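What follows is each chain in one-letter form.
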Amino acid sequence: AKAAPAAAPVVATATATAVGPITADDIPANTFCITGTLSRSRAEIEAEIQGFGGKLAKSVTASVTILVCNQSGTKKCLDAAAKGVRVVDEAWLQERLDNDGFHPGSKATTKGNAKGKGKGKAKAKAAPKAAA
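Residues numbered from 1 in each chain as written. Predicted model: local features only at pLDDT ≥ 70, side-chain atom pairs only at ≥ 80, totals over all residues. Heavy atoms only, no water.

Draft legend 1. Layout of the side chain of T31. By the secondary structure assignment, T31 is in strand β1 (residues 31-35). For T31, a relative accessible area of 12% puts it in the buried group. Sequence-distant contacts of T31, defined by excluding residues within four places in its chain, comprise K55, L56, A57, S63, V64, T65 and I66. (Helix = DSSP H or I, 4+ residues; strand = E, 2+ residues; numbered from the N terminus. Buried < 20%, exposed > 50% of the residue type's maximum accessible area, 1.4 Å probe, protein only. Contact = heavy atoms within 4.5 Å.)

Shown next as structure tokens:
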């Protein structure tokens, strides 16, 4: 007998599985545009945002609520801010990615659900670094 095909990886989306209030500081409540140089590949960061229920845009449009940019003062950052788009750095985003898509201290959780990283297999998180 043939073995059953392997199940597709489970990708939990925070919007479907969140327990507690989602705020404007949380990934599922926002549409992101990423610009400039980041410490990791854009594809990897975009996959994580989508895995937590966030949306993406390739340019700053009316639907974009957050622009991720490590170089403040660029034309794109200034234009986005003038349109009322929140401009944050990669560290702000990483805090939420490390906290299941929610801002630190959030009451919302993805309690009991597998956490996906977009397409493909989810990677195990590295152990936190010890304080120096």
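Draft legend 2. Broad picture of the environment of R40. With respect to the helices and strands, the residue R40 is situated in the loop between β1 and α2 (42-51). Among the residues examined, R40 registers a relative accessible area of 21% and is labelled partly exposed. Residues R40 and E90 lie 50 residues apart in sequence; the distance between their C-alpha atoms is 9.7 Å. Among residues more than four places away in sequence, those in contact with R40 are I45, E48, E90, Q94 and L97. Looking at R40, its side chain comes within polar contact range of the side chain of E44, at 3.0 Å. A polar atom in the side chain of R40 sits 3.0 Å from the side chain of Q94. (Polar contact = N/O pair within 3.5 Å; in protein donor to acceptor, adjacent residues only side chain to side chain.)

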